[in-house]
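Listed below are the residues making up each chain.
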Amino acid sequence: MRFKMIKKYVIGIGSILVMALILRFIGRDQLRNIPHTDVFTQNKAALSEMTAGTLVEQSFICHMDVLESVSFTLGTYARSNSGILRMKLVDEQDNTVLASGEIDVSQLVDNEIRIWTFSEQVKGKKNRKLGFIAEANSEPGSGVSFYYGDSDKNDMVLVINDTKFQGCLGLTLEGYDVSLFGLYYWQWIISIIILSVVYMLWSDYQSARGKLTTATLMVAIWKKYKFLIFQLVSRDFKTKYKRSVLGYLWSFLNPLLTMMVQYIVFSTLFKTDIKNYPVYLLTGIILFSFFSEAVGQGLAAIVANASLITKVYVPKYIYPITKVMSVSINLFISIIPLMIVVFITGVKFTLAMLLLPFALVCLLLFCEGMVLILCSAMVFFRDTQYLWGIVSMVWMYATPLFYPETIIPSNFRWIQTCNPLYHMIKFARTIIIEGVSPSPSSYFACLFSAVVSCAIGAIIFKRSQNKFVLYI
Amino acid sequence: MIDVEHVSMNFRMVNDRINSLKEYVIKLFQHQLQYEEFQVLDDITFHVSKGEVVGIIGKNGAGKSTLLKIISGVLKPSKGTVITGGNIVPMLELGSGFDYELTGRENIYLNGAILGYSKEFLSSKYDEIVEFSELGQFIDMPIRNYSSGMLMRLAFSVATVVEPEILIVDEILAVGDEGFQNKSKSRMMELMGEGTTVLFVSHGIEQIEEMCDRVIWLDNHKIKMDGETKEVCEAYKKIWNM
């Protein structure tokens, strides 16, 4: 008994530690640094020519922890110019020069985007007022010009030769923020371990007193109903392709064929914007079709089992939960064609692939929550299934499955930010296509949407389940 | 074994059943959502001890099936409590809990799992179930090809193989051909002899008279009579001029 208990704790702490080590190993830089891009404005028109004596100074507030580069567009009036353009990045609060660089104007192509990467990263200037200063020694008629646009922020001031100019230089700052999660990684892990140990001790203490905590209750339910869960899942899985000739092969073919069709239709439109378009497509298709299938089938789970629910006492949530589980088998099968396409398109298999289960588990939990909500609604309003058909279609177009996420205008970006599937699909794409770990905020977004959806689903289901029998 | 204490069941019935959101919203705005309290069971109290075979009789709509649902835990009573000791196995209606695409063998495991049996138990009793159902080689055939008699035999065999502590039977004894009917009847008798508590609902008064030790007569949502089979059945027959 004592040995069994100790074993449980060792397994618990050990598995957290192993996962933490793997995560640390895979996501070395990605966990610590979160990329940050600051676009000042949309280019509208060009300033006057930069000649000897012209001094352009753009002041701005730095919003990121580490600055790496600044990029801008220069117009050459489509002629060959001469001279040197000198640039400085200064801290306007204590007048120190943070970086300086120069461009040989004669080398420039018209409207070329120049990226000036600082020779040393600029650190520790967050929320300070910085200035970008440019001057040139070109003769009149052989200078270049900066582009500018409307300034919508008060802290942006553009000064040309000591006179204030209405507008803002078209600069784009690149850098990154230091993530608190990455900075204090082991502190986080240790507190997670402490919390789980405390919870396990609490559960043991409560069960010794004959009470159940959520975790021990779940273990008890699993022990009691695992045979039923297994039977129901295998029933769904066995009958899915029962009378088809190709059978389980359809789980392979379906995503592949969809991908081929979409590839042929959309490749000329979006191909150039997206790295490895086939894999990009297939990842989105597989995850999204799992979502729509799981929810679409799961929402009928209570109504379809009406004859059993009115006769036998089985916890009612077993039906929707097993439905999602049986659809998820399909998801796991369709990972195989994904891996084949990954292999064919020549993406390197990296250790980051080990993070894929995290995205899948979050997606699964998110679906469970959605299904619990919708199958309760379905009992009272049969319209739910038709509504879901529409909603899932809108959802599909709102999620960047076949188009690049950048084509959504910035004032509609919130649609993506609020879309849990966007985060999960992006998570999977980062792992597979880039071969690196996503940023800590992606982990958080996935986990958060999964937990919130499950919690809401559980509450709604629990509140309404006693009325089910009266309505089905 | 079964303690039913002051159980009342109220349904809140909407005057028309509303099945869609549109209807609901329209009715809500027209203030036509009238609910009507409808009492199905009114302060029912009785005790069944281990091994008793209790028949429940009454007119249509007297609340027999609701009472069974409350005892088996599917419905929660509005008032009162039900305490049961031991596992309850309901005899399912024809085919519910079966999947027609699966074979008889797979359905035995599926249906058994739904009824709450463990895997080890089903594996050990599997041969017995097949033998009792007289399905023989058909057991590995998808049950959509079965006749209704075959289905019923399978359902009956799965439900009764267990020696459940409490068996709930809702009008399904006329199973299969004459031979199987006798066999199932004797199986029921055997179960009762082994100490299974049986709750039995039927309109067939002869069946009740034949099998039950005690009869509860529900009328107008209350217990009208509770006593020896003979006594209750006679009173019941009198009402119906039988």
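What counts, and at which threshold
Residues numbered from 1 in each chain as written. Chains lettered and ligands numbered in written order. Predicted model: local features only at pLDDT ≥ 70, side-chain atom pairs only at ≥ 80, totals over all residues. Heavy atoms only, no water. Pairing = 2+ DSSP bridges. Helix = DSSP H or I, 4+ residues; strand = E, 2+ residues; numbered from the N terminus. Axes fitted to C-alpha atoms, helices over the stretch in contact; angles between N-to-C directions. Parallel < 35°, antiparallel > 145°, perpendicular 65-115°, else oblique. Left-handed = near helix turned anticlockwise from the far one by under 90°. Contact = heavy atoms within 4.5 Å. Nonpolar A, V, L, I, M, F, W, Y, C, P; charged D, E, K, R; others polar. Buried area = accessible area lost by both parts, 1.4 Å probe. Salt bridge = Lys/Arg side-chain N within 4 Å of Asp/Glu carboxyl O. Phe/Tyr/Trp six-rings, centres within 6.5 Å; stacked < 30°, edge-to-face > 60°. Buried < 20%, exposed > 50% of the residue type's maximum accessible area, 1.4 Å probe, protein only. Lys NZ or Arg CZ within 6 Å of the ring centre and 35° of its normal. Expected span 1.5 Å × (residues − 1). Bend = angle between axes of the 7 residues up to and from the residue.

(A) Representation of the sheet that holds strand β6 (residues 96-104) of chain A. All names here are of chain A. Taken in spatial order, the six strands make up an open sheet running β6-β5-β8-β3-β10-β11, and their pairing is antiparallel. What marks the edges here is a single partner per strand, and that holds for β6 and β11 (163-165). Geometrically, the sheet is characterised by an average inter-axis angle of 20 degrees between neighbouring strands, direction not taken into account. Pairing of strand β3 (residues 55-61) with strand β10 (residues 157-160) involves four bridges; the strand directions are antiparallel. Paired with Val56 across the strands is Ile160, a residue of β10.

(B) Structural context of the packing of helix α6 (residues 249-270) of chain A against helix α7 (residues 277-298) of chain A. All names here are of chain A. One way to put it is that α6 packs onto α7 with a least axis distance of 9 Å and a crossing angle of 130 degrees. As summarised for this structure, α6 and α7 are arranged oblique, according to the angle between their axes. When the axes of α6 and α7 are compared, the crossing they make is right-handed. Along the contact surface, α6 presents Pro255, Leu256, Thr258, Met259, Gln262, Tyr263, Phe266, Ser267 and Phe270, while α7 presents Tyr277, Pro278, Leu281, Leu282, Ile285 and Ile286. In terms of residue class, the contact of α6 with α7 is made up of 12 nonpolar, three polar and no charged.

(C) A look at the interface of chain A and chain B. The interface of chain A with chain B comprises 27 residues on the first partner and 34 residues on the second. Carbon and sulfur atoms supply 63% of the area buried between chain A and chain B, which totals about 2800 Å² over both sides. Of all residues in chain A, A:Phe227, A:Lys311 and A:Phe381 give up the largest surface area on contact with chain B, accounting jointly for 23% of the area buried on that side. In this assembly, chain A and chain B are joined by three salt bridges.

(D) Region of interest: the packing of aromatic side chains. Enumeration according to the criterion identifies 35 aromatic pairs over all chains in this entry. Where A:Trp116 meets A:Phe118, the ring centres are 5.0 Å apart and the plane angle is 85 degrees; that geometry is what we call edge-to-face. Owing to a relative accessible area of 5%, A:Phe118 belongs among the buried residues under this scheme. Between the aromatic rings of A:Tyr397 and A:Phe402, the centroid separation amounts to 6.3 Å while the plane-to-plane angle is 85 degrees, which identifies the pairing as edge-to-face. What links up through ring pairs into an aromatic cluster is the set A:Phe72, A:Trp116, A:Phe118, A:Phe132 and A:Phe146. The positively charged end of A:Arg429 is found above the aromatic ring belonging to A:Tyr280, 3.5 Å away from the centroid. Its end group placed over the ring of B:Phe132, B:Lys183 keeps NZ or CZ at 4.6 Å from the ring centre.

(E) Looking closely at helix α5 (residues 214-240) of chain A. Its 27 residues give α5(A) an end-to-end C-alpha distance of only 33 Å, which falls more than 12% under 39 Å, the value for a rise of 1.5 Å per residue. Most pronounced at A:Tyr225, the bend in α5(A) amounts to some 65 degrees. Of all the residues in α5(A), the buried ones are A:Tyr225, A:Phe227, A:Leu228, A:Ile229, A:Gln231, A:Leu232, A:Val233, A:Ser234, A:Arg235, A:Asp236, A:Phe237 and A:Thr239. Contacts made by the buried residues of α5(A) are with α10 (318-344) of chain A together with α3 (104-114) and α4 (119-133) of chain B.

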